Structure formats: structure tokens, C-alpha cells
Amino acid sequence: MKKNLVREYASLNHLFQHSTTGLPMEYRQIEETIAEEVLDDIATWIVNQAASR
């Protein structure tokens, strides 16, 4: 079982939020804390790691 995962999220900024420009001036306009698909991927990875023990 792989212990790491690298995934690219094309429309997300470095804070894992959906963004248009990725510029800091856009941050205050974004209401999202973290994109749902990132949370799902993190949760799935954790479950898989726990199951492989």
C-alpha cells in the first residue's frame, strides 16, 4: 500500500479553495474554507491507510 499520494487540483489555489485567478486579492472573496473534493480525498486516504495496518 502506498503511503503517499500526489494529486493536482486544476481549479484550486494553494489553500485548496476554488479560485479564478489564484491571486491574493481574490482570497477575501472566497467563502470556501477547503474544497469538498480535497476533504473527500484526504478522508479516503486516511481510511485506506488505517485499513492497510
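Anything mentioned here points back to the structure above.
What counts as what
- Residues numbered from 1 in each chain as written.
- Predicted model: local features only at pLDDT ≥ 70, side-chain atom pairs only at ≥ 80, totals over all residues.
- Heavy atoms only, no water.
- Helix = DSSP H or I, 4+ residues; strand = E, 2+ residues; numbered from the N terminus.
- Phe/Tyr/Trp six-rings, centres within 6.5 Å; stacked < 30°, edge-to-face > 60°.
- Buried < 20%, exposed > 50% of the residue type's maximum accessible area, 1.4 Å probe, protein only.
- Contact = heavy atoms within 4.5 Å.
- Patch = residues over 30% accessible without salt bridge, like charges linked within 9 Å, V, L, I, M, F, W, Y side chains within 5 Å.
- Areas by Shrake-Rupley, 256 points an atom, 1.4 Å probe, with all protein chains shown as cover.
- Salt bridge = Lys/Arg side-chain N within 4 Å of Asp/Glu carboxyl O.

Looking at the secondary structure, you find Q49 in helix α1 (residues 36-51). Put simply, Q49 and L5 are 44 residues apart on the chain and 11 Å apart in space, counted from C-alpha to C-alpha.

In this section: the packing of aromatic side chains. With the rule as written, the count across this model stands at one aromatic pair. Ring geometry for Y9 and F16: centres 6.3 Å apart, planes at 85 degrees, overall edge-to-face. In this structure F16 comes out as partly exposed when scored by relative accessible area, which is 37%.

Below, the discussion takes up the environment of A35. Note on placement: A35 falls in the segment before α1. Sequence separation between A35 and K3 is 32 residues, and the spatial gap between their C-alpha atoms is 22 Å. Dropping the residues within four chain positions of it, A35 is found in contact with L12, F16 and H18.

With that settled, consider a nonpolar patch on the surface. A surface patch of nonpolar side chains, amounting to about 430 Å² of accessible area, comprises L5, L39, I42, W45 and I46. In this structure, I42 sits in helix α1.

All right, on to unusual backbone geometry then. Positive phi outside glycine occurs at F16, with the angle close to 60 degrees. Relative to the helices and strands, F16 resides in the segment before α1.

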